[in-house]
Amino acid sequence: MKRDKSNASTPSEVTAVAVPAKKREKGVKFIKTQVTPVEPCDEKAMLEVQHLTKCFGDLKVLDDISTKIYPGEKVSIIGPSGGGKSTFLRCLNVLEDPTDGYVFFDGKNLSNLKVDINVERRRMGMVFQQFNLFNNMNVLKNITLVPVYVGLKELRKVKRKNLFIGFCNLFRKAGDKKPLLPVERTKKQIKEEAEANAMRLLARIGLSDKAQAYPSTLSGGQRQRIAIVRALAMNPEVMLFDEPTSALDPEMVGEVLSLIKELADEGMTMVIVTHEMGFAREVSTRVLFIADGKITEEGTPQELFGNPRTERLKDFFSKVL
Ligand SMILES: Nc1ncnc2c1ncn2[C@@H]1O[C@H](COP(=O)(O)OP(=O)(O)OP(=O)(O)O)[C@@H](O)[C@H]1O
Ligand SMILES: [Mg+2]
């Protein structure tokens, strides 16, 4: 059994929010018949990957990968094209279901169908190479879309519950009546707060004047910075970047990297797939070299760049550095 998931062009992936997780089938505990037994997870890790294997048909893209990412870490993933970097990143928020193995986020096994994947995904911001902004919406709408959607969904949930409590109260004695849940924000307030937050984020990246502009009228660098603040609008606890600069003209790479670096300096936990070796060296606390579906080598940037141990990594550096 698989969770419902989206492809790159749908709102679900872009926002990593709106995908309705399928209900758990009777007797099915995990999304797949994973054969590897679950091991106890490290409670201190924000993300923990246990024996992750991913196959597309006969092609084994990830082969028994295990690693942990702790709060505040900035992990860069480097490696040859086709080595499985994007697939690994997509498995972290279950945009791809693992064929075997498990991903834990904040102690929760994301393969367990009892876990509401949409709620967990809201806590992970994802930024793609191709920005994935909605071209039919202006910048402000792009940024507020998900916070408003989630806010209204929660409001509807509270109202539904209150309706039920109110109905049950009709049959309760005067002293036994249950209080209604507080409705913290009205529809209007939800929208206004999301817009104020979006404007604050736009001001931060110096693009306040582009709030009403459509993505097609912006430069690649501007679009990618907006895609980043759109992810930030959900106050994520970890940011996943998949080659955020590789679709940009060289002169725009700097502005996007400096925004990511700013976030890193503020302590945001990050996983960044990148071909920018200088950036990986400067910003990361740890670098993973993924090749042939395995973490072939990992360590601090000084260790990996200064003293690569494996022939595979030496060969890779000889081509990219
Ligand atoms: N949805 C899919 N269906 C079938 N094969 C896929 C799918 N996604 C990825 N693959 C294959 O898995 C392998 C790894 O792909 P992936 O995109 O993870 O590589 P990558 O390391 O990110 O490469 P690049 O640096 O070029 O982005 C490739 O051979 C790719 O063709
Ligand atoms: Mg990739």
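The structure under discussion appears in the preceding block.
Predicted, not measured: the structure shown is a model, and the values here were computed from it. (Residues numbered from 1 in each chain as written. Chains lettered and ligands numbered in written order. Predicted model: local features only at pLDDT ≥ 70, side-chain atom pairs only at ≥ 80, totals over all residues. Heavy atoms only, no water.)

Trainee: Where do I start with the overall build of the protein in this structure?
Mentor: Summing up its helical and strand segments, the protein has 10 helices and 10 strands in all. The burial tally for the protein puts 52% of its 321 residues in the buried class. Considering only residue pairs separated by 6 or more positions, the protein has 68% of its internal contacts joining residues 24 or more positions apart. Of the roughly 15600 Å² of accessible surface on the protein, 53% is carried by carbon and sulfur atoms. (Helix = DSSP H or I, 4+ residues; strand = E, 2+ residues; numbered from the N terminus. Buried < 20%, exposed > 50% of the residue type's maximum accessible area, 1.4 Å probe, protein only. Contact = heavy atoms within 4.5 Å. Areas by Shrake-Rupley, 256 points an atom, 1.4 Å probe, with all protein chains shown as cover.)

Trainee: For this particular structure, what's the right way to read helix H4 (residues 139-169)?
Mentor: Since the α-helix advances by 3.6 residues per turn, residues separated by three or four positions end up pointing in the same direction. Given a rise of 1.5 Å per residue, 31 residues ought to cover 45 Å, and the 45 Å separating the end C-alpha atoms of H4 matches this to within 8%. Between the side-chain oxygen of the N-cap and the backbone nitrogen of Leu140 there are 3.2 Å, and the N-cap of H4 in question is Asn138. (Expected span 1.5 Å × (residues − 1). Polar contact = N/O pair within 3.5 Å; in protein donor to acceptor, adjacent residues only side chain to side chain.)

Trainee: Any chance you could explain the site of ligand 1 here in plain terms?
Mentor: Taken together, 13 residues surround ligand 1, and among them Ser81, Gly82, Lys85, Ser86 and Thr87 come closest. At a separation of 2.5 Å, an oxygen atom of ligand 1 approaches a polar side-chain atom of Ser81. Here an oxygen atom of ligand 1 and a side-chain polar atom of His275 are 3.5 Å apart. Residue assignment for the shell around ligand 1 shows that the elements contributing at least two residues are strand S2 (59-69) and helix H2 (85-92). A total of three residues in the shell around ligand 1 trace back to one element, the largest contributor, which is H2. The class makeup of the residues in the shell around ligand 1 is four nonpolar, seven polar and two charged. (Near = heavy atom within 4 Å. Nonpolar A, V, L, I, M, F, W, Y, C, P; charged D, E, K, R; others polar.)

Trainee: Sorry if this is basic, but what is going on with the sheet that holds strand S1 (residues 47-56) here?
Mentor: What the four strands build is an open sheet, ordered S2-S1-S4-S5; its pairing is antiparallel. At either margin of the open sheet sits one strand with a lone partner, and together these are S2 and strand S5 (108-109). Of the strand pairs in this sheet, S1 and S2 are connected by seven bridges, and their pairing is antiparallel. Of the residues in S2, the one forming a bridge with Leu52 is Ile65. Taken strand by strand, H2 contacts S1, S2 and strand S4 (100-105), and its axis lies near 125 degrees from that of S1. (Pairing = 2+ DSSP bridges. Axes fitted to C-alpha atoms, helices over the stretch in contact; angles between N-to-C directions.)

Trainee: Explain the layout of surface pockets here, please?
Mentor: Empty space among the atoms becomes visible once a probe the size of a water molecule is rolled across them. In this structure, the second largest pocket occupies an estimated 250 Å³ of space. Of all elements in the fold, only H4 and helix H5 (187-204) reach the threshold of two or more residues within the lining of the second largest pocket. Ranked by residue count, the leading element in the lining of the second largest pocket is H4, at five residues. Taken together, the residues that form the lining of the second largest pocket break down as seven nonpolar, three polar and four charged. (1 Å grid on protein atoms, 1.4 Å probe; cavity = no way out; pocket = protein on both sides within 12 Å on 5 of 7 lines; lining within 4 Å. Points joined across faces, edges and corners; volume = space filled by probe spheres on them.)

Trainee: Explanation requested: unusual backbone geometry in the structure shown.
Mentor: The phi torsion of most residues other than glycine is negative, and most of the peptide bonds are trans. At Val94, a residue that is not glycine, the phi angle is positive and equals roughly 60 degrees. Secondary-structure assignment places Val94 in the loop between H2 and S4. We classify Val94 as buried; its relative accessible area is 3%. You will see that Asp292, though not glycine, has its phi angle at about 50 degrees, which is positive. Using a relative accessible area of 56% as the deciding quantity, one classes Asp292 as exposed.

Trainee: Can you walk me through the nonpolar core in this structure?
Mentor: Most often, soluble globular proteins keep nonpolar side chains buried together rather than apart. By size, the foremost hydrophobic cluster in this structure holds 37 residues, and its most contacted members are Ile226, Ile228, Met239, Phe241 and Met270. Counting only elements with at least two residues in this core, the list comes to H4, H5, helix H6 (220-232), strand S7 (238-242), helix H7 (250-265), strand S8 (269-273) and helix H8 (277-283). Considering every element that reaches this core, the biggest residue donor is H7, with eight residues. Among all residues touching Met239, those that are not within four sequence positions of it are Gly125, Val127, Ile228, Ala231, Leu232, Met268, Thr269, Met270 and Val271. In terms of nonpolar packing, the next biggest core, distinct from the first, is built from 31 residues, Leu47, Phe88, Ile117 and Phe128 among them. (Core = buried A, V, L, I, M, F, W, Y, C linked by side-chain atoms within 4.5 Å.)

Trainee: Sorry, what's going on with the side chain of Glu243 here?
Mentor: Position of Glu243 relative to the elements: it lies in the loop between S7 and H7. Although buried, Glu243 forms no salt bridge, and the nearest oppositely charged side chain, Lys85, lies 4.7 Å from it. One polar contact links Glu243 to His275, side chain to side chain, over a distance of 3.2 Å. Excluding its chain neighbours within four sequence positions, the residues that come into contact with Glu243 are Lys85, Gln129, Val273 and His275. (Lys, Arg positive; Asp, Glu negative; His and termini not counted. Salt bridge = Lys/Arg side-chain N within 4 Å of Asp/Glu carboxyl O.)

By themselves, these figures tell us nothing about what the structure is for.
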